[in-house]
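Next come the chains, spelled out residue by residue.
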Amino acid sequence: MPRIVVDVMPKPEILDPQGKAIAGALPRIGLTGFAGVRQGKRFELTVDGEVTGEILEQARHAATTLLSNPVIEDVTRVEVIEEDGQ
């Protein structure tokens, strides 16, 4: 079954304490090549049948009205992933 992946990230001007905590922990485990971290959310919507333009539009609508808080988050991706991971 195909899936639609929705990625949501905090807006750039919004503080990201979880990302900051992760960024602080990386050097403690020997990972020093990173300048910063932002933590977001990923949703996978499984589609029963073919992904049509209408279904994709419904996913976009869900992303902006239900899966994200438009005051503090941006929807950064709404993309179809076929069942084999392509």
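Residues numbered from 1 in each chain as written. Predicted model: local features only at pLDDT ≥ 70, side-chain atom pairs only at ≥ 80, totals over all residues. Heavy atoms only, no water.

### Considerations on the overall build of the protein chain
Inference 1: In terms of helices and strands, the protein chain carries two helices and three strands.
Inference 2: Counting helices and strands in the order they occur from the N terminus, the protein chain gives β-α-β-α-β.
Inference 3: Its C-alpha atoms give the protein chain a radius of gyration of 16 Å, clearly above 12 Å, the size a compact globule of 86 residues would have.
Inference 4: With the principal axes as the frame, the protein chain shows a C-alpha extent of 45 × 30 × 15 Å. (Helix = DSSP H or I, 4+ residues; strand = E, 2+ residues; numbered from the N terminus. Rg over C-alpha atoms; globule rule 2.2 N^0.38 Å.)

### Quick notes on the sheet that holds strand β1 (residues 3–10)
Adjacent strands of a sheet form backbone hydrogen bonds with each other and so pair up, either parallel or antiparallel.
Inference 1: With respect to topology, three strands assemble into an open sheet ordered β2-β1-β3, the strand pairing being antiparallel. Both outer strands of the open sheet, β2 (41–46) and β3 (73–81), are each paired with one neighbouring strand and no more. Averaged over neighbouring strand pairs, the angle between their axes works out to 20° when direction is ignored.
Inference 2: Taken together, the six bridges between β1 and β2 define a ladder with antiparallel strand orientation. Pairing of Asp7 across the sheet is with Arg42, part of β2. (Pairing = 2+ DSSP bridges. Axes fitted to C-alpha atoms, helices over the stretch in contact; angles between N-to-C directions.)

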